[in-house]
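Structural overview
Each chain, letter by letter, is given below.
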Amino acid sequence: MKNWEPLTCAYFAGLFDGEGCFNIRIHRPSKKPDSSHYMCRICITNTSLPMIEWVMENFGGNFHKRTRNPKCKDVYHWSISGPPMVNVLHAIYPYLRAKRPHADIMIRFRSTFDPKRTSRMEIPEDVKQIRSECIQALHNLNHRGSSIPCPLSPSALR
């Protein structure tokens, strides 16, 4: 695991609390619906190319540009997945506030991946259950209108 400076991790955690996204999805090929596999990643979407480049330089991952409307600014999308994603989450975890519950879920979800397992191997039922619980918990946190308790008391914010 890379050893990032605490200030770099704290700054990125602040960016991530405000702009970050946690994504888990199940890919079910139409030709082989029984051979589904799980994908998870964290991402940031923003119109500031320098900020996205800073994230790339410091934490890796990849990014691409999206041009939606000629009247609007270009949008840059950064993401990272797999073991590097877990390393980043562990590095910024102490500094996360709003998205700490999301990080807990993503770390738990990713812990069910076995590097020795190939995509052709059956996923054990207990692992499927944990993954399903993680997907539901993340969905509940991301549901519009849900409130995520802030770990800081109001007096600590003054």
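This report concerns the structure included in the present document. As a convention, each chain's residues are numbered from 1 in the sequence order in which they are written. This being a predicted model, a pLDDT of at least 70 is required before a residue's local features are given, and a value of 80 or more before pairs of side-chain atoms are given or counted; all residues contribute to the totals for chains, interfaces and linings. With hydrogens and water stripped out, all remaining heavy atoms of the structure feed into the side-chain values.

**Some words on the side chain of D17**
Structurally, the position occupied by D17 is in helix 1 (residues 6-19). K99 is the oppositely charged side chain nearest to the buried, salt-bridge-free D17, at an N-O distance of 6.1 Å. Polar contact is the term for a pair of N or O atoms within 3.5 Å; when the atoms are in protein, one must be able to donate a hydrogen and the other to accept it, and sequence-neighboring residues count only if both atoms are side-chain atoms. Separated by 3.2 Å, the side chain of D17 and the backbone nitrogen of A98 make a polar contact. Within the structure, the side chain of D17 is placed 2.9 Å from the backbone nitrogen of K99, a separation counted as a polar contact. Working rule for contacts: check all heavy atoms of both residues, and any pair within 4.5 Å makes them a contact. Look past the residues within four positions of D17 in its chain and what remains in contact with it is Y95, L96, R97, A98 and K99. Each helix is a run of H or I in the DSSP string that is no shorter than four residues. Each strand is a run of E no shorter than two, and both are numbered from the N terminus. Exposure categories follow from relative accessible area, calculated using a 1.4 Å probe and restricted to protein chains: below 20% of the type maximum is buried, above 50% is exposed, and the middle band is partly exposed. Only four residue types enter the tally: Lys and Arg on the positive side, Asp and Glu on the negative side; His and the chain ends are excluded. By salt bridge we mean one thing: a side-chain nitrogen of Lys or Arg within 4 Å of a carboxyl oxygen of Asp or Glu.

**Re the sheet that holds strand 4 (residues 75-81)**
The four strands lie next to each other as 1-2-4-3, forming an open sheet whose pairing is antiparallel. Looking along the sheet, the strands with just one partner apiece sit at the ends: strand 1 (20-27) and strand 3 (62-66). Sheet twist, expressed as the average angle between the axes of neighbouring strands with direction ignored, equals 30°. Between any two strands, pairing holds if DSSP finds at least two bridges. Of the pairings in the sheet, the one linking strand 3 to strand 4 comprises five bridges and is antiparallel in character. Looking across to strand 4, one finds that R66 is bridged to V75. For helices, the fitted line uses only the C-alpha atoms of the stretch in contact; every axis is such a line through C-alpha atoms, and the angle between N-to-C directions lies from 0 to 180 degrees. Each of strand 1, strand 2 (37-46) and strand 4 touches helix 1; the most contacted strand, strand 2, lies at about 100° to it.

**A short note on helix 4 (residues 100-110)**
Those residues of helix 4 not exposed but buried are H102, A103, I105, M106, I107, F109 and R110. The inward-facing, buried residues of helix 4 contact strand 1, strand 2, helix 3 (82-92) and helix 5 (125-142).

**Regarding the packing of helix 1 against helix 3**
Packing of helix 1 against helix 3 leaves a shortest axis separation of 9 Å and a crossing angle of 105°. In terms of orientation, helix 1 and helix 3 fall into the roughly perpendicular class. The segment helix 1 lies against helix 3, with C9, F12, A13 and F16 engaging V88, A91 and I92. Under the grouping applied here, Gly and all other residues not named as nonpolar or charged are polar, the nonpolar ones being Ala, Val, Leu, Ile, Met, Phe, Trp, Tyr, Cys and Pro and the charged ones Asp, Glu, Lys and Arg. Residues belonging to the contact of helix 1 with helix 3 are distributed by class as follows: seven nonpolar, no polar and no charged. Roughly parallel means an angle under 35 degrees; roughly antiparallel means over 145; roughly perpendicular covers 65 to 115; every other angle is labelled oblique.

**Concerning the environment of P101**
Looking at where P101 falls in the secondary structure, it is placed in helix 4. Accessibility expressed as a relative area gives 25% for P101, which makes it partly exposed. C-alpha separation for the pair P101 and L141, spaced 40 residues apart in sequence, amounts to 8.1 Å.

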